[in-house]
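This is what each chain is made of:
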Amino acid sequence: GGVIVYVGDSSTDLAALLEADVGILIGNSSSTTVIAEKWGIEIVPLRRRGQRCFDGAGGSGSEEMTLWRAESWQEIDDVLMELDKRWT
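The structure contained in this document is the topic of the report that follows. In this text the structure is predicted, and so the values were computed from the model without any measurement.

### Looking at the overall build of the protein
When helices and strands are counted, the protein shows three helices and four strands. Overall, the protein shows an N-to-C arrangement of helices and strands of β-α-β-α-β-β-α. In the protein, buried positions account for 36% of the 88 residues. Counted over contacts in the protein with a minimum sequence separation of 6, partners at least 24 positions apart contribute 50%. As displayed, the protein has an accessible area near 5,200 Å², and 51% of this comes from carbon and sulfur atoms.

Take a look at the structure:
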């Protein structure tokens, strides 16, 4: 039962990113972006999580084809703290 958060930085991480409850792409890999666009995967800046439903979930509805893009490890740490408060 816990929440699975996967952080990846390349196109080889796409399957795991999509399988996780929260998939976070770090950095600006152009090959990952091209492949994601080809397969209809939306990549949303992590800083916009307050403007969208951020209840978790890859695996339910349209959220399963959404990944989050982080610019830094600090941004990821902030999200993990937020998720810890929300889901525990």
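Past the structure itself, the notes keep going.
### Topic: the side chain of serine 29
Relative to the helices and strands, serine 29 is located in the loop between β2 (22-26) and α2 (30-38). For serine 29, the side chain forms a polar contact with the side chain of serine 31, separated by 3.3 Å.

### Side note on the sheet that holds strand β1 (residues 5-8)
Strands sit in the order β1-β2-β4-β3 across an open sheet of four strands; the sheet is parallel. With partners counted over all chains shown, the strands left at the sheet margins are β1 and β3 (42-45), one partner each. Strand-to-strand twist of the sheet, defined as the mean angle between neighbouring strand axes without regard to direction, takes the value 30°. As paired elements, β2 and strand β4 (residues 66-70) share three bridges and run parallel to each other. Across the sheet, the residue bridging to isoleucine 24 is tryptophan 68, located in β4. Strand contacts of helix α3 (residues 73-87): β1, β2 and β4, with the helix running at about 170° to β2, the strand carrying the most contacts.

### Side note on the nonpolar core
One finds Val22, Ile24, Ile26, Val44, Leu46, Trp68, Ala70, Ile76, Val79 and Leu83 forming the largest nonpolar core, which totals ten residues. Put simply, the parts of the chain that give this core at least two residues each are β2, β4 and α3.

What counts and what doesn't
Residues numbered from 1 in each chain as written. Predicted model: local features only at pLDDT ≥ 70, side-chain atom pairs only at ≥ 80, totals over all residues. Heavy atoms only, no water. Helix = DSSP H or I, 4+ residues; strand = E, 2+ residues; numbered from the N terminus. Buried < 20%, exposed > 50% of the residue type's maximum accessible area, 1.4 Å probe, protein only. Contact = heavy atoms within 4.5 Å. Areas by Shrake-Rupley, 256 points an atom, 1.4 Å probe, with all protein chains shown as cover. Polar contact = N/O pair within 3.5 Å; in protein donor to acceptor, adjacent residues only side chain to side chain. Pairing = 2+ DSSP bridges. Axes fitted to C-alpha atoms, helices over the stretch in contact; angles between N-to-C directions. Core = buried A, V, L, I, M, F, W, Y, C linked by side-chain atoms within 4.5 Å.

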